[in-house]
Amino acid sequence: MPKRVDHEERRAQIAEALIQVAGRRGLHAVGMRDVAAEAGVSLRLVQYYFQTKEKLLFYGLQHLTDRFTARVGERLRAVGPDPGPRATVEALLLASLPTDEESRTFHLLYSSYSILSVTDEALAAQPFIDSPDAAENALAGLLRQAQEDGLADPGADARTEAISLLAMTATMGTSILVGQRKPESAVAVLHHHLDRIFTAPPRPTAPTEPSEPSEPSEPTAPTAPTGGQ
C-alpha cells in the first residue's frame, strides 16, 4: 500500500528549507532549486506545491511567523500561568531581537521580506502578512490593560507607545545584525523604556498595631541659663 503523503507537512518541510538556506545566503539569492536541494526533494516537487518563487516566499513568511508565535509562547510558559501584561510585552519584543541563531534568522528574513515586497511586483501583489497591524494592536491592547490594572502610566498614549516600542526593537535588531550593538545592550535599552511605561504595583503595607500608651515622665528641673551674671 503506497505511503500516504501529508501535504501540509511536506509544505512545512520545504518552507523550513527556504528559511535555512535564506538565513545563510540571504533571501534575494535563493532560488527554488536551492530550496529543493536543502529539503532533499526534487525541483518538480517544489514547483508542484508552490508553482512560483513568489508563492514559496509568501508561504515561507507565514511559516516564519508561526515559528515566531511559538517562540513567544515558550517564553510566556517559562514565566508562569499568569504572566501579566508586562511579561507578555517583553516576550513579544525580546523574541524578535536577534539574540540567538533562530531569532537572528527571523529578523534577517522578515526584514528581507519587507524590502522585497517593495521592489518585487509579484510579491507585492500578495498580502505581506494577514494583518499588518497585528503586533501593534496586540501591544496597544496590553498597555491599555496594564493602565486599567494600575500597572502602567495612566497618562501614556498606549497606541503611540506600542508604535515606539516596535520601531525601537526593529531598529535595535538591525543594529545587532550589523555588529553595531551587543544584544545585552539592546535588551537593557528595551527594559529602560518598559520601566518608564510600567509602574510597579503598590506594595501592601502591614497594619501597624497601636502602641501602648507611655507612662508620663517625671518633670525635670529647669536648667540655669549659661553665661555670667
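Here the structure is a predicted model, which means the values were calculated and not measured. (Residues numbered from 1 in each chain as written. Predicted model: local features only at pLDDT ≥ 70, side-chain atom pairs only at ≥ 80, totals over all residues. Heavy atoms only, no water.)

### Describing the environment of Val46
Examined against the element boundaries, Val46 turns out to sit in helix H3 (residues 43-50). Residue classification places Val46 among the buried positions, given a relative accessible area of 0%. In this view, Val46 contacts Ile14, Met32, Ala36, Val41, Gln51 and Leu56; residues no more than four positions away in its chain are not counted. (Helix = DSSP H or I, 4+ residues; strand = E, 2+ residues; numbered from the N terminus. Buried < 20%, exposed > 50% of the residue type's maximum accessible area, 1.4 Å probe, protein only. Contact = heavy atoms within 4.5 Å.)

### Notes on the packing of aromatic side chains
Overall, the coordinates contain four aromatic pairs when judged by the stated rule. Centroid distance Tyr48 to Tyr49: 5.0 Å. Interplanar angle 80 degrees. Geometry classified as edge-to-face. The class for Tyr48 is exposed, based on a relative accessible area of 54%. For the pair Phe68 and Phe106, a centre-to-centre distance of 4.7 Å together with 15 degrees between the ring planes defines the contact as stacked. With Phe68 in helix H4 (residues 53-79) and Phe106 in helix H6 (residues 101-119), this pair connects stretches of sequence that are 38 residues apart. Relative accessible area serves as the criterion here: at 16%, Phe68 is assigned to the buried category. Owing to a relative accessible area of 13%, Phe106 belongs among the buried residues under this scheme. Within the aromatic cluster, the residues linked to one another by ring pairs are Phe68, Phe106 and Tyr110. In this arrangement the basic side chain of Arg11 is found over the ring face of Phe50, its NZ or CZ atom lying 5.3 Å from the centre. The cationic tip of Arg11 hangs over the ring face of Tyr59; the distance from NZ or CZ to the ring centre is 5.7 Å. (Phe/Tyr/Trp six-rings, centres within 6.5 Å; stacked < 30°, edge-to-face > 60°. Lys NZ or Arg CZ within 6 Å of the ring centre and 35° of its normal.)

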